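# Structural description and commentary
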Number of protein chains: 2
Amino acid sequence: MNKYDLFKEKMAEIADLRNAVAVLNWDQETYMPLKGTGMRARQIATLSSLSHEKFTTQELFDLTAELLDSADLSEIQMINVKKTKQDLDKLRKFDSSFIKQQSLAISKSFVDWNKAKDEDNFKLFESSLAELIALKKEEADISGYQDHPYDALLDTYEPQMTCAKLDIIFGGLKPELSQLLNKIAQAPQIDDAFLFDQYDIDRQWQFGLTVLKNLGYDFDAGRQDKSSHPFTTSFSSEDVRITTRVNEHDFAEMLWSSIHEGGHAIYEQGLPADQYGLPAGQYLSLSIHESQSRLYENNLGRSKAFWEYHFPILQNNFSQFKSLDINSFYKAINTVKPSLIRTNADELSYHFHVIIRYEIERAIMSGEVDAKDLPELWNSKYDAYLGIKPNSDKVGVLQDIHWSHGSFGYFPTYSLGSLYAAQFMAQYKSDHENAEEQFRSGDYALIKKWLNQHIHSKGKTLSSEELCEELTGSGLNHSAFMLYANSKYGEIYNI
Amino acid sequence: MNKYDLFKEKMAEIADLRNAVAVLNWDQETYMPLKGTGMRARQIATLSSLSHEKFTTQELFDLTAELLDSADLSEIQMINVKKTKQDLDKLRKFDSSFIKQQSLAISKSFVDWNKAKDEDNFKLFESSLAELIALKKEEADISGYQDHPYDALLDTYEPQMTCAKLDIIFGGLKPELSQLLNKIAQAPQIDDAFLFDQYDIDRQWQFGLTVLKNLGYDFDAGRQDKSSHPFTTSFSSEDVRITTRVNEHDFAEMLWSSIHEGGHAIYEQGLPADQYGLPAGQYLSLSIHESQSRLYENNLGRSKAFWEYHFPILQNNFSQFKSLDINSFYKAINTVKPSLIRTNADELSYHFHVIIRYEIERAIMSGEVDAKDLPELWNSKYDAYLGIKPNSDKVGVLQDIHWSHGSFGYFPTYSLGSLYAAQFMAQYKSDHENAEEQFRSGDYALIKKWLNQHIHSKGKTLSSEELCEELTGSGLNHSAFMLYANSKYGEIYNI
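Being a predicted model, the structure only gives us computed values, none of them experimental.

Criteria and thresholds
- Residues numbered from 1 in each chain as written.
- Chains lettered and ligands numbered in written order.
- Predicted model: local features only at pLDDT ≥ 70, side-chain atom pairs only at ≥ 80, totals over all residues.
- Heavy atoms only, no water.
- Helix = DSSP H or I, 4+ residues; strand = E, 2+ residues; numbered from the N terminus.
- Rg over C-alpha atoms; globule rule 2.2 N^0.38 Å.
- Buried < 20%, exposed > 50% of the residue type's maximum accessible area, 1.4 Å probe, protein only.
- Contact = heavy atoms within 4.5 Å.
- Areas by Shrake-Rupley, 256 points an atom, 1.4 Å probe, with all protein chains shown as cover.
- Lys, Arg positive; Asp, Glu negative; His and termini not counted.
- Charge placed at Lys NZ, Arg CZ, Asp CG, Glu CD.
- Buried area = accessible area lost by both parts, 1.4 Å probe.
- Salt bridge = Lys/Arg side-chain N within 4 Å of Asp/Glu carboxyl O.
- Polar contact = N/O pair within 3.5 Å; in protein donor to acceptor, adjacent residues only side chain to side chain.
- Nonpolar A, V, L, I, M, F, W, Y, C, P; charged D, E, K, R; others polar.
- Phe/Tyr/Trp six-rings, centres within 6.5 Å; stacked < 30°, edge-to-face > 60°.
- Core = buried A, V, L, I, M, F, W, Y, C linked by side-chain atoms within 4.5 Å.
- Pairing = 2+ DSSP bridges.
- Axes fitted to C-alpha atoms, helices over the stretch in contact; angles between N-to-C directions.
- Least-squares fit on C-alpha atoms with pLDDT ≥ 70 in both.
- Expected span 1.5 Å × (residues − 1).
- Left-handed = near helix turned anticlockwise from the far one by under 90°.
- Parallel < 35°, antiparallel > 145°, perpendicular 65-115°, else oblique.

### What to know about the overall build of chain A
A tally of helices and strands in chain A yields 20 helices and three strands. The globule rule puts the C-alpha radius of gyration for 495 residues at 23 Å, and the 23 Å found for chain A is close to it. Once the C-alpha set of chain A is aligned to its principal axes, its extents read approximately 65 × 50 × 50 Å. Buried residues in chain A amount to 56% of all 495 residues. For chain A, contacts bridging at least 24 residues in sequence account for 72% of all contacts bridging at least 6. Carbon together with sulfur atoms contributes 49% to the accessible area of chain A, which is approximately 20400 Å² in total. Across chain A, the 50 positively charged side chains and the 72 negatively charged ones have centroids separated by 2 Å.

Shown next as C-alpha cells:
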C-alpha cells in the first residue's frame, strides 16, 4: 500500500468509528427503548474516545507530515493531507487532561441547564456556566488568535470567521433589517390562525414525504423518522437520514422543518462518496451547511412559485385548504411576528435572535460580561432589538441548549447560512432566466444539480469565502439577503 | 483501579464495540436505506476487527493470567477471569492469516451459495463449499479434540458437546419419534386451511405485541420491528430487540416467530446487567438460548392452556375466528406434516431436519463424504427419515444459510434446545402444581421469574450440563421431550 492509500484507509477507519457513533445517536433519538439510555451512553463514549485516539496517533501525524513533502500527490490528495494536518495541529495543542476537564464541565453544565430550565431558575445554571466560560477562554488562548479571543471559537464552526468580519456583516444587516421590520409592524397584519387548525398527523407525514421526494432528497440513500428534536445525520453520503416532529395543531411545525433538514441532507448526499472520511468528502463549514437548509426551507420552500406547484396537492390532501386561496396561504406561511423563541422565529426577525447571542458571546469572551450578568443583558437586548422582553429566563437566556454544550461561536453560522442562501439563490436565478418557471412547474432537479455541482461535490476543498467568490463573484455580504427580503416582504405586506 | 476493575473495564469496552456492531446490524436489517449497504459493510468490518484486536492484546491476556494467581477474587469474579482465559487460549491458537483466509472463504462461499440457491444449481456452490470444509477441518485440528474432529466445532456453539453424547441423545430420540410420526401419519389428518385465510397485517402485529407483553417481554428494554428474517439482538440486557415478519395469508408465520424471538429476548433481558461484557453476563450456550425460545414458542405458546386465555382475545380481533371452537384452533396450530423446509417444520418432524444435518456434518468432518456427495446424501436421508424427497436442491441441500457462513456444528443446538425446553417445563410443572392454571389464567409472570432465577441470572457461570442437573436432577436426555410429545400429540391425533 502506498503512503497516501495508507493515509486514506486510516482516515476511513476513523470515519467508520465516527459514523458508528452517529448510528448509535440516531437510534437513541428515534427507536431506542427507555432503559437503553445508560449503556448507550457508555457505548457512545467508548467509540468516541477510540476515534479520537486513532485520529491523534503519532503514526497518522507523521504520515501526514511525510505526505506533505511528497511530490506525487494530486491536487485533491494534497488538500486532503493539508487540511487533516491543520486539524491535527490544532487538536494536538490540547493535552488530554484539558479535554477531559472540558468534557466533565460540559456534562455537569448540561445537567444544570436542564434543571435550571425546568425550574425556570438561572441561578442553578450560573456557576457551571461560569466554569465553562473560563474553560472556553482557556481554549481560545491555547488555540491562539490574532485579534479577539472569540475568533478562536468562531473558527471551530466557521473556519476563518472573525469578529471583525462579523461586525461588518451584522453591522450592515442590522439597520436595514430593523427598518423593514418596523415597516412590517406598521402594516396591516396577516391572519395565519388557520395554520393552527387540526391537521391529520398521517396526512401531514405523507405530504412531507411527497415534498421531500419532489425536492430530490434520495430515499434510497436516506429516510425520515420522528424524534423530539429534528436533525440530520449522515453515516456516509449514501445513508443520510433526517428526523422531524409532527404537531396536529400546527401545520407549519413539521413541514418546514422537514424541508430544512431535507436541505441539509441533500448537501450530505451530494458529497463525493469516493472521498469517504477525507476533507474532500466532508461539508465545507456550518454556514455553508446552513445555507443549503435555509435555501430549501425559505428561499424555495416559502416562495410563491414553490406553492403554485404544491398548493393544489395540499388542497387535495387537507379539506381545510380546499376553499382557501393561494395568496392567503402564502402570506400566512410568511407571517412576520417578533417572538421570544429563536427556533419559532420568522426568517426576518430570526437574525436578531442570532445577533443578540453573537454580541453576548463576544462580550463574554472579551471579559466585559460574566455569567451572572447574562439574564439582564439578554432581556435588555430583546427589548432593544425586537421590542419584546422575556418575563422569565426559560423563554429568555435559558432557551437554547448550545451554551450548556460549550458551543460558543456556533450561533452566527445560522445567520450566515441565510445570507449565503440568498446569495446563492440570486446567482441561480441570474444563471437561469426560467428559474421561477422551474419552481412553478415542480422541477427542482436543475437547482439540485447546480448546487451539487457548485457546492456539494467540492466538499471541503476550498474555503467558504472562496466558494462564494467563485460562485457569485463576491464574498459573503448582506445585500442579496436584503434585496430578497425587501422584495418578498414588500409585496406580502404591501409596503 | 485494581486489576479486576481494569479487567472488567477492558471487557466492557470490547462489549461496547461488539454491541455497536449489533446496532449497525440491527439497523441494516430493519431501517437502513438501500444504498447504505456498501459503507455499512466496511463500518461493521472495522468495528469487528477492532473488537477482535482489543480482545486479543497481550495486555488482556497477561491481566487474566495475573488475576488467576490472585487470591482475593470472589467466586463470580474468578469464573469471569477463568472463562475469559479459556476463550483467549482457544482464540490465540489461530494466527491472523488463518482467520483472514477463513473470512475470505466465507465471503466467497456466501456469494456462491446465494447464486446457487437463486439458480437452483448446487454446482455453483460446490467448490467454495469444498474449500470451506477443508478450512473447517484445519480449524478442528488447530483447536484440538479428543475423539472426533467434529467435536471441536460443536464446542464452539455448545461447550463440551461431542459426537459421542449426541449419538446417544439422537440415538434415543430417533426410533421413538419415528414411531410417533408414523402413528400420526396413519391417523385422520387435521384441517388447518383456515390459518391461510386473509388476516389483516396491522391486527396481526397488534395481537403479537399483546402476546409478547403478556409473556413478560419488557418493552421498556426492547422493541419489535420488521425484517425479512426474524432475529433477536442484544445491545445490553437493558436493550434487547426482536424482529419478525408478517404474512397476510399465513396467520402462523408471524405469531409463533414473535413468541420464539420473545423467548430469546426474555433470556437476554434476564442476564445480570452488572456483569456487562463478562461471562457471568452472557448467555450460557446456544442450546440453552434455544431452550428458552422453544419453551415459549412450543411448550407454552402452542399449549391448550395458553390458548384458553388467548383465544377469546384472538376472537375479538379477527372475525375469522369468531365461530371457530378452540379445539379446532389448537389442533390446527399443532398440525404435524413432514415437509422439506426446516424452518417451516412442526415441532416433531423438526428434529429429523436437524438429525439429517448432524449426520451429514459429522460424516463431512470425518472425511467420509465430500462436498460433491452432499445433494444425493441429503435427498436419500430425507427419503429415509421423513418419506419425502426434494425435487430440487433449492428446497434441499441449498435451503440453509449456515454452511455458507461456515457454521458447521450449529444445527444440533436447535434440537438440544427443544429437549432442554421439555426438561425445564416438566420441572416447572412438577415444582408448581397449579402451572396449568397459571397458563390458563394469563399469568406468565411466575414462570418468567422461575426462568430468571434458575437460568437467566446465572449467565455463563456454569455449564449447560451442570445447569440442567442442578435444575432438573438429571442431565440432558430425550425422555422429557418424548413424554411431552406422546402425551400432547396422542391427544391431538387421538392415538
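### Observations regarding the environment of Leu180 of chain B
Residue placement: Leu180 of chain B occurs in helix α8 (residues 163-186). Linking Leu180 of chain B and Ser49 of chain B, residues 131 residues apart in sequence, is a C-alpha distance of 48 Å.

### With respect to the interface of chain B and chain A
Between chain B and chain A, the residue contacts involve 38 residues of the former and 38 residues of the latter. Where chain B abuts chain A, roughly 3100 Å² becomes buried across the two surfaces, and 60% of that area is made up of carbon and sulfur atoms. Arg241 of chain B is paired through a salt bridge with Asp27 of chain A; the nearest N and O atoms lie 2.7 Å apart. Applying the counting rule to chain B against chain A returns 20 residue pairs in polar contact (both at pLDDT 80 or more). Of all the secondary structure elements, the ones that give two or more residues to the side of chain B that touches chain A are α1 (3-30), α2 (37-55), β2 (232-236) and β3 (239-244) of chain B. Here the element with the most residues in the side of chain B that touches chain A is α1 of chain B; it accounts for 11 residues. Split into classes, the residues belonging to the side of chain B that touches chain A amount to 18 nonpolar, six polar and 14 charged.

### Section: the packing of aromatic side chains
According to the stated counting rule, one finds 77 aromatic pairs over all chains in the structure shown. Considering the side-chain rings of Tyr199 of chain A and Phe318 of chain A, the 5.7 Å spacing of their centres and the 70 degrees angle between planes classify their relative orientation as edge-to-face. Of this pair, Tyr199 of chain A sits in the loop between α8 (163-186) and α9 (201-215) while Phe318 of chain A is found in the loop between α12 (304-317) and α13 (326-332), placing the two residues 119 residues apart along the sequence. The class of Tyr199 of chain A is buried, set by a relative accessible area of 0%. By relative accessible area, which is 2% here, Phe318 of chain A ends up buried. Ring geometry for Tyr4 of chain B and Phe7 of chain B: centres 5.6 Å apart, planes at 50 degrees, overall tilted. A residue pair is termed a helical-turn pair when its members lie 3 or 4 positions apart in one helix, as Tyr4 of chain B and Phe7 of chain B do in helix α1 at three residues.

### Here's the deal with the nonpolar core
Of all hydrophobic cores here, the largest spans 115 residues; its most connected members are Phe251, Trp307, Phe321, Phe329, Leu348, Phe424 and Phe481 of chain B. Considering every element that reaches this core, the biggest residue donor is helix α14 (residues 350-365) of chain B, with 10 residues. Every residue in contact with Phe251 of chain B, bar those within four places of it in the chain, is listed here: Leu195, Tyr199, Gln204, Phe207, Trp256, Leu314, Phe318, Phe321 and Phe329 of chain B. Formed by 114 residues, the second largest nonpolar core is a distinct cluster that contains Leu173, Leu284, Phe352 and Tyr484 of chain A.

### Some thoughts on the environment of Phe311 of chain A
Residues and elements named next belong to chain A. Residue placement: Phe311 occurs in helix α12. Overall, the relative accessible area of 3% leaves Phe311 in the buried class. Excluding anything up to four places from it in sequence, Phe311 contacts Phe321, Leu324, Asp325, Ile326 and Phe329.

### What about the sheet that holds strand β1 (residues 224-226) of chain A?
Residues and elements named next belong to chain A. Read across the open sheet, the three strands follow the order β1-β3-β2; overall the sheet is mixed. Looking at the sheet topology across the chains shown, the edges are occupied by β1 and β2 (232-234). The mean angle between the axes of side-by-side strands here comes to 30 degrees, regardless of whether they run parallel or antiparallel. Relative to strand β3 (residues 240-244), β2 is paired through three bridges, and the arrangement is antiparallel. In the sheet register, Ser234 faces β3, and the bridge partner there is Val240.

### A closer look at the relation of the copies chain B and chain A
Here chain B sits on chain A after a turn of 180 degrees about the axis and a move of 0.0 Å along it, with an RMSD of 0.0 Å. Classification of the inter-copy transformation places it as that of a two-fold axis. Measuring from the rotation axis to each C-alpha of chain B, the shortest distance belongs to Ala20 of chain B, at 3.5 Å. Comparing contact sets, 100% of the residues at the interface of chain B also lie at the interface in chain A, consistent with an isologous, same-surface contact.

### A word on the pattern of salt bridges
With the rule as written, the count across this model stands at 62 salt bridges over all chains. Where Glu139 of chain A meets Lys136 of chain A, a salt bridge forms, and the shortest distance between an N and an O atom there is 2.9 Å. Highlighted residues: Glu139 of chain A and Lys136 of chain A, both in helix α6 (residues 123-143), separated by three residues, approximately one helical turn. Grouping residues by exposure puts Glu139 of chain A and Lys136 of chain A together as buried. One network of salt bridges, with partners in common, ties together Asp27 and Arg40 of chain A together with Asp239 and Arg241 of chain B.

### Some remarks on the sheet that holds β2 of chain B
Pairing between the strands of a sheet comes from backbone hydrogen bonds, and it takes one of two forms, parallel or antiparallel. All names here are of chain B. With mixed pairing, the three strands of this open sheet are ordered in space as β1-β3-β2. Edge positions in the open sheet fall to β1 (224-226) and β2, since each of these has one partner strand only. The mean inter-strand angle of the sheet, taken between neighbouring strand axes irrespective of direction, is 25 degrees. In the sheet, β1 pairs with β3 via three bridges, with the strands oriented parallel. The residue bridging Gln224 from the neighbouring strand is Ile242, located in β3. Along the sheet face, helix α9 (residues 201-215) touches β1 and β3 and points at about 150 degrees away from the line of β1.

### Concerning helix α20 (residues 479-492) of chain A
Residues and elements named next belong to chain A. The end-to-end C-alpha separation of α20 is 20 Å, in line with the 20 Å expected for 14 residues at 1.5 Å each. Of all the residues in α20, the buried ones are Ala480, Phe481, Met482, Tyr484, Ala485, Lys488, Tyr489, Gly490 and Ile492. Asn494 lies just past α20 and shows a positive phi near 60 degrees.

### Concerning the pairing of β3 of chain A
Among the five residues that make up β3 of chain A, five are buried, leaving the element largely enclosed by the rest of the structure. Two successive antiparallel strands, β2 of chain A and β3 of chain A, enclose a turn made up of five residues.

### Quick notes on the packing of α14 of chain B against helix α15 (residues 374-386) of chain B
Residues and elements named next belong to chain B. Following both chains from N to C, one finds α14 and α15 inclined at 140 degrees, their axes separated by 10 Å at the closest point. Our pair here, α14 against α15, has a crossing hand that is right-handed. Contacts between α14 and α15 involve Phe352, His353, Ile355, Ile356, Arg357, Glu359, Ile360 and Ile364 from the former and Leu374, Leu377, Trp378, Lys381, Tyr382, Tyr385 and Leu386 from the latter. Looking at the contact of α14 with α15 residue by residue, the class counts come to 11 nonpolar, one polar and three charged.

### Quick look at the packing of α8 of chain B against helix α20 (residues 479-492) of chain B
Residue and element names in this part refer to chain B. Contact pair α8 / α20: the axes reach a minimum separation of 11 Å and the direction vectors enclose 5 degrees. Taken as axis vectors, α8 and α20 run roughly parallel relative to one another. For the pair formed by α8 and α20, the contact residues are Leu173, Glu176, Leu177, Leu180 and Ile184 on the first element and Phe481, Met482, Ala485, Asn486 and Tyr489 on the second. Looking at the contact of α8 with α20, its residues break down into eight nonpolar, one polar and one charged.

Fair warning: the whole summary comes from geometry, so function is off the table for now.
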